[in-house]
Amino acid sequence: MNKITLIGNYDVSQNTMTCKRLSNNYDVIPVTFPDVVKNPNKNGEFKFEGSIINQKGNVYVEVYNVEEAEGIVNSTACELKGIIKKLYPVRVTKKGHKLQDMLVEADNQLVKVVAFEPCPDFITTGLNVRVRGRLQSRAFTQLTTFGTLSKVVYEVALKNLEIIQEDEFDPFDMMDNLFEDVEPLDEGTTEEGDGENN
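Model, not experiment: these values are computed from the prediction.

Novice: Help me understand the pairing of strand β2 (residues 16-20) in this model?
Specialist: Direction of pairing for strand β1 (residues 2-11) relative to β2: antiparallel, over a ladder of three bridges. Along β2, the bridge assignment pairs Asn9 with Thr18. Linking two consecutive strands that pair antiparallel, namely β1 and β2, is a turn of four residues; a positive phi of about 55° is found at Asn15 within it. Direction of pairing for β2 relative to strand β3 (residues 26-32): antiparallel, over a ladder of five bridges. If you follow Thr18 over to β3, its bridge partner there is Val28.

Set out below in structure tokens:
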């Protein structure tokens, strides 16, 4: 499973969806339309349903359904069902927040997920999981030998993680809603300047 709902303002010239958060910050998500899906071909408020695609680090949403959505609350809500392929060490932001990144493979796509507290020890690579959260865009600058480089990373801000049986859809009772009460920073954004784990 790899599904996402984007509700926001579509820019036809940039092929991006801009979604406003409760914090009044914005996520700007690149989108594409396969041949079987009609591109709106106009700017405006829309609801796009699709999947998160990662082509060698180039992350975007492939849209499979388009609806007009004037006046509807913006959203980048997504749900993944897949396998944890990599779990990164805990990192500490400039403000002292402890975060942990992971890569989840869902429908043959590697999606970066960020947890806003360190994962328990029993969360390891190879686990079958269901992830619910928000796709966010996060701009940051990186110092290199050639100067300062501006980058944007696209990642899922984790809201809820469930471990599921390999051959079943129902989660273990003890794992249900593991991160349900975790409140993301800034409604799901990490801080600019934190950088990205490679």
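This is not the end of the story, as more comes after the structure.
Novice: Where do I start with the pattern of salt bridges in this structure?
Specialist: Any two side chains of opposite charge can pair if their charged atoms end up close together. Per the stated rule, a full pass over the model turns up 13 salt bridges. As a salt-bridge pair, Arg91 and Asp101 come within 2.8 Å of each other at their nearest N and O atoms. You can see Arg91 sitting in strand β7 (residues 91-92) and its partner Asp101 sitting in strand β8 (residues 98-106), a full 10 residues away along the chain. Overall, Arg91 belongs to the buried group, its relative accessible area being 11%. Under the relative-accessibility criterion, Asp101 is labelled buried at 0%. As a salt-bridge pair, Lys112 and Glu155 come within 3.2 Å of each other at their nearest N and O atoms. With Lys112 in strand β9 (residues 109-115) and Glu155 in strand β11 (residues 147-163), this pair connects stretches of sequence that are 43 residues apart.

Calculation notes
- Residues numbered from 1 in each chain as written.
- Predicted model: local features only at pLDDT ≥ 70, side-chain atom pairs only at ≥ 80, totals over all residues.
- Heavy atoms only, no water.
- Pairing = 2+ DSSP bridges.
- Helix = DSSP H or I, 4+ residues; strand = E, 2+ residues; numbered from the N terminus.
- Salt bridge = Lys/Arg side-chain N within 4 Å of Asp/Glu carboxyl O.
- Buried < 20%, exposed > 50% of the residue type's maximum accessible area, 1.4 Å probe, protein only.

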